[in-house]
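Structural overview for review
So you can see what is in the structure, the chains are spelled out below.
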Amino acid sequence: MTPLNDGMNLVAKEYVAAQNPADPGVLVLSEFAGAANELDTALLVNPHDIDGMARTIATALSMPLTERRMRWEAMMVKLRAGTIQQWFADFVDALQKTRSDKASPAPAMPEPQASWALRSVNSGARYH
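Residues numbered from 1 in each chain as written. Predicted model: local features only at pLDDT ≥ 70, side-chain atom pairs only at ≥ 80, totals over all residues. Heavy atoms only, no water.

A word on the overall build of the protein. Counting its secondary structure elements, the protein contains five helices and two strands. For the protein, the sequential pattern of α-helices and β-strands runs α-β-α-β-α-α-α. Relative to its 128 residues, the protein shows a buried fraction of 24%. Carbon and sulfur atoms form 58% of the exposed surface of the protein, whose accessible area is close to 9,800 Å². (Helix = DSSP H or I, 4+ residues; strand = E, 2+ residues; numbered from the N terminus. Buried < 20%, exposed > 50% of the residue type's maximum accessible area, 1.4 Å probe, protein only. Areas by Shrake-Rupley, 256 points an atom, 1.4 Å probe, with all protein chains shown as cover.)

The biggest cluster of nonpolar side chains holds 13 residues, and the ones touching the most others in it are A12, V16, L27, L29, L39 and M75. The set of elements that each furnish at least two residues to this core consists of α1 (9–17), α2 (35–38) and α4 (65–81). The greatest single-element share of this core, amounting to four residues, is contributed by α4. Each residue touching L39, except ones within four places of it in the same chain, is listed here: A12, K13, V16, L27, L29, L44, M75 and L79. V26, V28, V45 and M53 belong to the second-largest nonpolar core, a separate cluster that totals seven residues. (Core = buried A, V, L, I, M, F, W, Y, C linked by side-chain atoms within 4.5 Å. Contact = heavy atoms within 4.5 Å.)

Where α1 contacts α4, the axes come no closer than 10 Å and their chain directions differ by 120 degrees. Relative to α4, the element α1 lies oblique. Taken as a pair, α1 and α4 cross one another with a handedness that is left-handed. Facing K13, V16 and A17 of α1, the residues of α4 in contact are W72, M75, M76 and L79. (Axes fitted to C-alpha atoms, helices over the stretch in contact; angles between N-to-C directions. Parallel < 35°, antiparallel > 145°, perpendicular 65-115°, else oblique. Left-handed = near helix turned anticlockwise from the far one by under 90°.)

Glancing now at α4. Compared with an ideal rise of 1.5 Å per residue, which puts 17 residues at 24 Å, α4 spans 24 Å between its outermost C-alpha atoms and is within 8% of the ideal. Along α4, the positions that sit buried rather than exposed are R68, R71, W72, M75, M76 and L79. On an axial view of α4, the arc spanned by its buried residues comes to 135 degrees, and they lie on one face. Exposed residues pointing more than 90 degrees away from the buried face of α4 are listed as T66, V77, R80 and A81. (Expected span 1.5 Å × (residues − 1). Arc of directions from axis to C-beta.)

Our focus in this paragraph is the side chain of R68. Examined against the element boundaries, R68 turns out to sit in helix α4. Sequence-distant contacts of R68, defined by excluding residues within four places in its chain, comprise D23, P24, V26 and M63.

This part covers the confidence of the model for the protein. Overall, the predicted model of the protein reaches an average pLDDT of 83, with 72% of residues at or above 70. Per-element mean pLDDT across the protein ranges from 84 in helix α5 (residues 84–102) up to 97 in helix α3 (residues 50–61). (pLDDT = per-residue confidence, 0-100.)

This is the structure we're talking about:
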């Protein structure tokens, strides 16, 4: 998987999950894919480096079975730990952190004065 920008995360994870545990393939993954942070035992490549990609593919094709299994098992441990509930909690935490990092204190609201007229929602006005 060699996107030039973030992407293909689920495809990379599905590839790993679909492997035969007795004879797993090798994941060659762009270092720009978001999954590269999680699937760090994949062979990571820079898709702009054609010669480097060719060397990495050659490495993948000649990788011994014991190393392929070791890399696959390490990725599966991470995939199995990533439940939808954990993903959701991490996502919400990241959203809240972003919001609290960028939020400025709310301006102070003046106290309502007794002379301010209070209006009811059902004040009899009709809207068409």
